[in-house]
Amino acid sequence: MQGRLKFHAEPRSGQASPFPSGFRVALLLLTGVAILTASHLIAYIRSGSESSVPLTDPSRLQPSDLADFPSASVGIRFFQERLKQNPEDFLSLTLLGQLYLQQARTTGDIASYGRAEAALLRALEIVPRYPAGEAALASVRYATHDFIGALYLAQAVYQVNPRRTDLLATIGDAQLSLGQYERAAASYQELVARASSPSLLARLAHQAELNGKPDEALKLMRRAAGEALFNNVAREEMAWYLIRLGDLHFNAGQIDSAEEDYQAALRIYPDYYLGLADLGKARAAQGRVENAIQLYEQAVAIIPQPDFLAALGDLYAIMGRPEEAERQYETVEFIGTLDALNQVIYNRQMAMFYANHDRNLDEALELAARELEVRKDIYGYDALAWALYQNGRYQEAEEAMLQALSLGTRDAMLYYHAGMIYVGLGDSLRAQAMLNEALSINSHFDLLQSRVARETLDGIGATAALGSAND
Amino acid sequence: MKTTTRAIVIILVLLAMHVVAPSAAAHPLGNFTINHHAGLDVRRDAIVITYVLDMAEIPAFQQISSLDANRDGVAESDERVGYDSAKCETILPKLDLRFDGNPVRLSLLWSTIEFPPGVGGLSTLRLTCSFRAPLSSQSEIARVEFKNDAYAERIGWREIVVTGEGVWLLGDFASTSISELLRTYPDNLLTSPLDQREVTFDLVLSSAEPTQSAQTANPDNALPSGGLETSIVPIEVVRSAIPPALVSSLLVLITLGGLYYSRRRNP
């Protein structure tokens, strides 16, 4: 005790220091000011989207531009070991849960969501209402498409912990997925006022995309990717930004730019299942079908996801390999019946698959209608409209389709569906307008459907020509 | 009738899930995993590899539908004639076994196929292949390398186990299967799936045979090698021993053994 006092007292005597006390105070103040300025500067640079450069040329991006972070599985093993030492370690359980969530996102393995949930629930059993645990749990609920559960949990926790902006992001995401667009916009706006981040910019880009502003969406997404690069995010995360950028390019019909983005994503994070499938999609649009097949086969070898299998099946069908196509389609159907989690997560993919491939049309309609009960977003209405159309119920299909188009989203698929519904209703003028719009937004919007769109348009044109010739 | 059978199957599966604890319920990484066990049984004149492939529901479905010639959703016994050996032959080139750096030719001894029920009574697939490579070493010590590249890109449990009979084995490897040949996977929250894709060890064909060999000496034959027993004690004691001389390796063994016993006696 005495020793400590002595230690503290010594510098105060002034004799040990070579500087006079006034100078020392000034020095201290100066250092303080310098540190403050520096930290503000760094914060400004980091948050200020003005200062980070939007990513305009992904083709120059190299793996060495990003630091190597240990993968989620390394972290998972580390915290598993800690938990074997102390099973009550709620911090390790929470971190383990977050890592499982990350692993599920980067590998596409939805079973990891179950593990994330189990770890987080165990942490919350030890320390009930632990905010970090509850926030991560809300993210898991969102990821497993329990949007209402995610929204309620995030709102409840956010009320008690108003400083946690991550909860606000989850609230906005859930609202967006549920079709509560105005509320989602308000949540995101509140986020904008409080903190900028690449992930927020990506959210705003998605919002702009839904609101029919593809150019603004692209601009925001380039900024998001640039900031992500500047913030030195992990490779898999950077790859995700590039893929989103590629999707925006693809949806705007800029296939070559999309291809570059996807390639950049695969360069920094090879064997990324999303990157392989998306590059396959771009190659198919470029007419390089054999290469597209190879890429989809690679993606499916990593993870047999329904939408990949369906796309691969379509490619086989185009190449005159009907048996292999059928095998992919059958696997899609099998996955749809597998278990509850698969059914929830792939619900919409399944409804669209059935409707697009003229299989189980009753079930397509049932799936779409059931999901719309809780999730009233534009793509929910689109799925219902398309399933109704395939079942020959054009009047109701039009009603749902108008809802799907209500935000003015510039998505070729939506316009294609609308066009076909008008064909069904016998309104060839509207049908023509809608189908033309679809093809002008992105003439390669879907491998099979864009062909149907073109053929239907030709058909309408021919009938019209015949009609005028008869007059 | 059909619904009752299905209901009974579901009830049985649910019961099994409760009785046999959570580990037996499903695959460690979900329903699209492909899981591997490679058990290397090293003998004086041959290496026998028991290779087990456990496919979860989705890959099993894909295999079964490729077998299902009459398209009734079931791979009947006549439809799967020859499937297991053909499948093992496609696995074979993905297994790389080297003896002192030189590739060794493996050949298929026998194979079996089963379709154990998985989630909700849906089929999973369990393929067992027994491969054999003859050994003829001039030197007393040889380096053995093994690599499993089958379904390298698919997630799943990948296990390699090494056991020996009548030989000394030095290296860093497991000699027991913690999944009991892919039959029970440990609690997957706290245990990450094994990801053992290769193994390297030294095989010592000493003229002075290890003591254990006498009792278990089994002539090379086609019997399945369980890989469950540890036939040689020193395997677990030495971790990552560096070859080349037999004498130094043995010295390390003796020293470690001595240390171990002296520590046990005076804690």
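Scroll up to find the structure.
Because the structure is a prediction, the values reported are computed rather than measured.

Q: Could you give an account of the side chain of A:Asp411, with specific residues and numbers?
A: All names here are of chain A. Looking at the element boundaries, Asp-411 is found in the loop between helix H22 (394-404) and helix H23 (412-425). This buried residue, Asp-411, is left without a salt bridge; Arg-410 holds the nearest opposite charge, at 9.8 Å. Within polar-contact distance, the side chain of Asp-411 engages the side chain of Tyr-379 at 2.7 Å. Within the structure, the side chain of Asp-411 is placed 2.9 Å from the backbone nitrogen of Met-413, a separation counted as a polar contact. If near-sequence neighbours (up to four positions away) are discounted, Asp-411 is found in contact with Tyr-379 and Ile-441.

Q: Tell me about the interface of chain B and chain A, and please be specific about residues and values.
A: Contacts between the two partners involve 23 residues from chain B, matched on the other side by 29 residues from chain A. Between chain B and chain A, a total of about 2300 Å² is buried, with carbon and sulfur atoms accounting for 59% of that surface. By the criterion of area lost to chain A, the three top residues of chain B are B:Phe61, B:Leu189 and B:Leu190, representing 28% of everything that side buries. At the boundary of chain B with chain A, the tally comes to 0 salt bridges.

Q: Describe helix H11 (residues 214-230) of chain A, and please don't skip the residues or the numbers.
A: All names here are of chain A. A rise of 1.5 Å per residue sets the reference length of H11, with its 17 residues, at 24 Å; its end C-alpha atoms lie 24 Å apart and thus fit the reference within 8%. Of the positions making up H11, those classed as buried are Ala-217, Leu-218, Leu-220, Met-221, Ala-224, Ala-225, Gly-226, Glu-227 and Ala-228. In the segment just after H11, Asn-232 is the residue with positive phi, at about 55°.

Q: Would you mind going over the packing of helix H16 (residues 306-318) of chain A against helix H17 (residues 322-336) of chain A in detail, with residue names and values included?
A: All names here are of chain A. Relative orientation of the contacting elements H16 and H17 amounts to 160°, with a least axis distance of 7 Å. When the interaxial angle is binned, H16 and H17 end up roughly antiparallel. Note on packing geometry: the crossing formed by H16 with H17 is left-handed. In this structure, H16 contributes Pro-306, Leu-309, Ala-310, Leu-312, Gly-313, Asp-314, Tyr-316 and Ala-317 to the contact, and H17 contributes Glu-324, Ala-325, Gln-328, Tyr-329, Thr-331, Val-332 and Ile-335. For the contact of H16 with H17, the residue count by class is 10 nonpolar, 3 polar and 2 charged.

Q: So what's going on with the sheet that holds strand E9 (residues 168-171) of chain B? Which residues, and what values?
A: Residue and element names in this part refer to chain B. The sheet built from 5 strands is open, its strands ordered E4-E3-E7-E10-E9 with antiparallel pairing. Edge positions in the sheet fall to strand E4 (102-103) and E9, since each of these pairs with one other strand and no more. Relative to E4, strand E3 (residues 95-99) is paired through 2 bridges, and the arrangement is antiparallel. Looking at the pairing, Phe-99 lines up with Asn-102 of E4.

Q: Residue-level account of a nonpolar patch on the surface, with values.
A: A grouping of A:Ile148, A:Tyr152 and A:Val374 is seen on the molecular surface, where their side chains present a nonpolar patch of about 300 Å² in accessible area. Residue placement: A:Val374 occurs in helix H20 (residues 361-374).

Q: Break down the packing of aromatic side chains for me, with residues and values.
A: Each aromatic ring pair is characterised by the separation of its centres together with the angle its planes make. Residues and elements named next belong to chain A. This structure, assessed with the given rule, holds 16 aromatic pairs over all chains. Residues Phe-90 and Tyr-130 carry aromatic rings whose centres are separated by 5.0 Å and whose planes lie at 90° to one another, so their mutual orientation is edge-to-face. On the criterion of sequence distance, the pair formed by Phe-90 in helix H4 (residues 90-107) and Tyr-130 in the loop between helix H5 (111-126) and helix H6 (131-143) is long-range, its members being 40 residues apart. Each residue in the set Trp-386, Tyr-389, Tyr-394, Tyr-416 and Phe-445 is aromatic and connected to the rest through ring pairs, giving one cluster.

Q: Describe the state of the cysteines, and please don't skip the residues or the numbers.
A: All names here are of chain B. Summed over the entire model, instances satisfying the criterion amount to 1 disulfide over all chains. For Cys-88, the disulfide goes to Cys-129, at an S-S distance of 2.1 Å. Its S-S torsion of about -85° marks the bond between Cys-88 and Cys-129 as left-handed, since a negative value means left-handed. Taken as a pair, Cys-88 in helix H3 (residues 83-91) and Cys-129 in strand E6 (residues 125-134) lie far apart in primary sequence, 41 residues in all. Look at Cys-129 and you get buried, because its relative accessible area is 0%.

Q: Hey, could you go over the sheet that holds strand E5 (residues 107-114) of chain B for me, with residue numbers and the actual values?
A: All names here are of chain B. Taken together, 5 strands build an open sheet; the order of strands is E5-E6-E2-E1-E8 and the sheet is mixed. Both edges of this open sheet fall to E5 and strand E8 (158-164), since each of them pairs with a single strand only. Mean inter-strand twist for the sheet, computed between neighbouring axes without regard to direction, equals 15°. Looking at chain direction, strand E1 (residues 34-42) and E8 are connected through 7 bridges and run parallel. Bridge pairing in E8 links Leu-40 to Val-162. Running at roughly 100° to strand E2 (residues 46-55), helix H2 (residues 57-67) makes contact with E1, E2 and E6 of the sheet.

Q: Give me the pattern of salt bridges: which residues, what numbers.
A: Residues and elements named next belong to chain A. Counting across every chain of the model gives 25 salt bridges over all chains. The shortest N-O distance in the salt bridge between Arg-244 and Glu-209 comes to 3.2 Å. Residue Arg-244 is located in helix H12 (residues 235-251), and its partner Glu-209 is located in helix H10 (residues 198-210); the two are separated by 35 residues in the primary sequence. Across the pair, exposure class does not vary: Arg-244 and Glu-209 are buried alike. Between Arg-283 and Glu-259 there is a salt bridge, and its shortest N-O distance comes to 2.7 Å. Taken as a pair, Arg-283 in helix H14 (residues 273-285) and Glu-259 in helix H13 (residues 255-268) lie far apart in primary sequence, 24 residues in all. Residues Arg-283 and Glu-259 agree in their burial class; the two are buried. What emerges from the salt-bridge pattern is a single network uniting Arg-348, Glu-371, Arg-375 and Asp-377.

Q: Explain the packing of helix H19 (residues 347-357) of chain A against H20(A) to me, and be specific about the residues and the numbers.
A: Residue and element names in this part refer to chain A. H20 packs onto H19 with a crossing angle of 145° between their chain directions and a minimal axis gap of 8 Å. Viewed along their axes, H19 and H20 form a crossing whose handedness is left-handed. Only Leu-361, Glu-363, Ala-364, Leu-367, Ala-368 and Glu-371 of H20 make contact with H19, whose side of the interface consists of Asn-347, Arg-348, Met-350, Ala-351, Tyr-354 and Ala-355. Each residue belonging to the contact of H19 with H20 can be placed in one class, and the counts come to 8 nonpolar, 1 polar and 3 charged.

Cut-offs applied
Residues numbered from 1 in each chain as written. Chains lettered and ligands numbered in written order. Predicted model: local features only at pLDDT ≥ 70, side-chain atom pairs only at ≥ 80, totals over all residues. Heavy atoms only, no water. Helix = DSSP H or I, 4+ residues; strand = E, 2+ residues; numbered from the N terminus. Buried < 20%, exposed > 50% of the residue type's maximum accessible area, 1.4 Å probe, protein only. Lys, Arg positive; Asp, Glu negative; His and termini not counted. Salt bridge = Lys/Arg side-chain N within 4 Å of Asp/Glu carboxyl O. Polar contact = N/O pair within 3.5 Å; in protein donor to acceptor, adjacent residues only side chain to side chain. Contact = heavy atoms within 4.5 Å. Buried area = accessible area lost by both parts, 1.4 Å probe. Expected span 1.5 Å × (residues − 1). Axes fitted to C-alpha atoms, helices over the stretch in contact; angles between N-to-C directions. Parallel < 35°, antiparallel > 145°, perpendicular 65-115°, else oblique. Left-handed = near helix turned anticlockwise from the far one by under 90°. Nonpolar A, V, L, I, M, F, W, Y, C, P; charged D, E, K, R; others polar. Pairing = 2+ DSSP bridges. Patch = residues over 30% accessible without salt bridge, like charges linked within 9 Å, V, L, I, M, F, W, Y side chains within 5 Å. Areas by Shrake-Rupley, 256 points an atom, 1.4 Å probe, with all protein chains shown as cover. Phe/Tyr/Trp six-rings, centres within 6.5 Å; stacked < 30°, edge-to-face > 60°. Disulfide = S-S within 2.5 Å.

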